[in-house]
Amino acid sequence: MTAETILTGYFGYGSLVNRQTLQTAYVEAHKARLFGWRRHWQARPGDVAPDGSQLALLSVHPDTGTSIDGLLVIDHAAHLPLVDVRETHYDRIALNRQQLSVSRADVKLPSAFVYVARKAEFTGKARLLQSYLDAVMAGFFQEYGEEGLIAFLDTTEGFGMDMICDRDHPYYPRAVHLPAKLGAKFDALLASRGVRFLP
């Protein structure tokens with residue numbers, strides 16, 4: 001068996017839920033649920049917006065009372081170094097297969113991972129990036145519909161932040177295009193969660 005034929009899986013809970021942002025020739029992807037973890041926002045180490053603002057990123061932390069929906073990407077194990085590069089500032093953490101419930105019951109993998117962000121030291125307030133959130137929320141909307149979009153908001157801590165509105169000139173390198181009506185829907189949902197929109 002060659003390295004190219006060995007498969008593995010990684011659980012996406014943010015931008016990796018959006019299939020348009022995946023950058024390897026992955027094998028397949030399935031809706032999945034991860035038990036015992038919760039999403040949160042935190043400062044992103046070593047990265048700032050064009051205006052010099054510290055950016056926030058999504059990460060996860062153990063929480064025995066919570067489960068989160070996402071996408072299990074099944075990929076060639078040989079592609080993991082490429083995914084690691086994409087997920088700079090994250091550590092790849094092995095999961096117990098019992099922590100995952102996959103929409104396709106016959107999926108069998110020798111290993112599965114989740115990417116957990118490294119802590120950042122910074123002063124001031126980190127800010128959300130609209131082009132990043134557009135990609136994340138579009139992924140959840142495509143996979144889970146409006147109900148899943150609400151569940152994403154409900155299972156993510158720390159939305160009460162300022163957001164840089166860069167939708168028209170995206171800073172996020174894997175930005176996606178949104179119909180105006182969908183962008184307005186996302187903005188209204190985020191405003192209801194305490195997000196403050198900057199010029």
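Residues numbered from 1 in each chain as written. Predicted model: local features only at pLDDT ≥ 70, side-chain atom pairs only at ≥ 80, totals over all residues. Heavy atoms only, no water.

Colleague: Tell me about the overall build of the protein, and name the residues and values.
Modeller: Secondary structure summary: the protein contains three helices and 10 strands in total. When the helices and strands of the protein are listed from N to C terminus, the series reads β-β-β-α-β-β-β-β-α-β-β-α-β. Relative to the globule expectation of 16 Å for 199 residues, the C-alpha radius of gyration of the protein, 16 Å, shows essentially globular dimensions. Seen through its principal axes, the protein has C-alpha atoms that stretch 55 × 35 × 35 Å. Taken over 199 residues, the protein has a buried fraction of 51%. For the protein, long-range pairs separated by at least 24 residues make up 80% of all intrachain contacts whose partners lie at least 6 apart in sequence. Carbon and sulfur atoms make up 54% of the accessible area of the protein, which amounts to about 9,600 Å² in all. (Helix = DSSP H or I, 4+ residues; strand = E, 2+ residues; numbered from the N terminus. Rg over C-alpha atoms; globule rule 2.2 N^0.38 Å. Buried < 20%, exposed > 50% of the residue type's maximum accessible area, 1.4 Å probe, protein only. Contact = heavy atoms within 4.5 Å. Areas by Shrake-Rupley, 256 points an atom, 1.4 Å probe, with all protein chains shown as cover.)

Colleague: Lay out the packing of helix α2 (residues 130–154) against helix α3 (residues 180–192) with the relevant residues and their values.
Modeller: Where α2 meets α3, the closest approach of the two axes is 10 Å, and the angle between their N-to-C directions is 80°. Classified by the angle their axes make, α2 and α3 are roughly perpendicular. For the pair α2 and α3, contact is made by Q130, L133, D134, M137, A138, F141, E146, L149, I150 and L153 and by L182, K185, F186, D187, L189 and L190, respectively. The class makeup of the residues in the contact of α2 with α3 is 11 nonpolar, one polar and four charged. (Axes fitted to C-alpha atoms, helices over the stretch in contact; angles between N-to-C directions. Parallel < 35°, antiparallel > 145°, perpendicular 65-115°, else oblique. Nonpolar A, V, L, I, M, F, W, Y, C, P; charged D, E, K, R; others polar.)

Colleague: Any chance you could break down the environment of A126 for me, citing the residues and the numbers?
Modeller: By the secondary structure assignment, A126 is in the loop between β6 (112–117) and β7 (128–129). Along the primary structure A126 and Q42 are separated by 84 residues, whereas in three dimensions their C-alpha atoms are 7.4 Å apart. Once residues within four sequence positions are removed from consideration, A126 is found in contact with A43, Q54, L55, A56 and M161.

Colleague: Quick rundown of the environment of S101? Include the residues and the values.
Modeller: Inspection of the secondary structure assignment puts S101 in strand β5 (residues 100–102). On the basis of relative accessible area, S101 is assigned to the partly exposed category, the value being 35%. Beyond its immediate chain neighbours, meaning those up to four positions away, S101 contacts K31, A32, R33 and F35.

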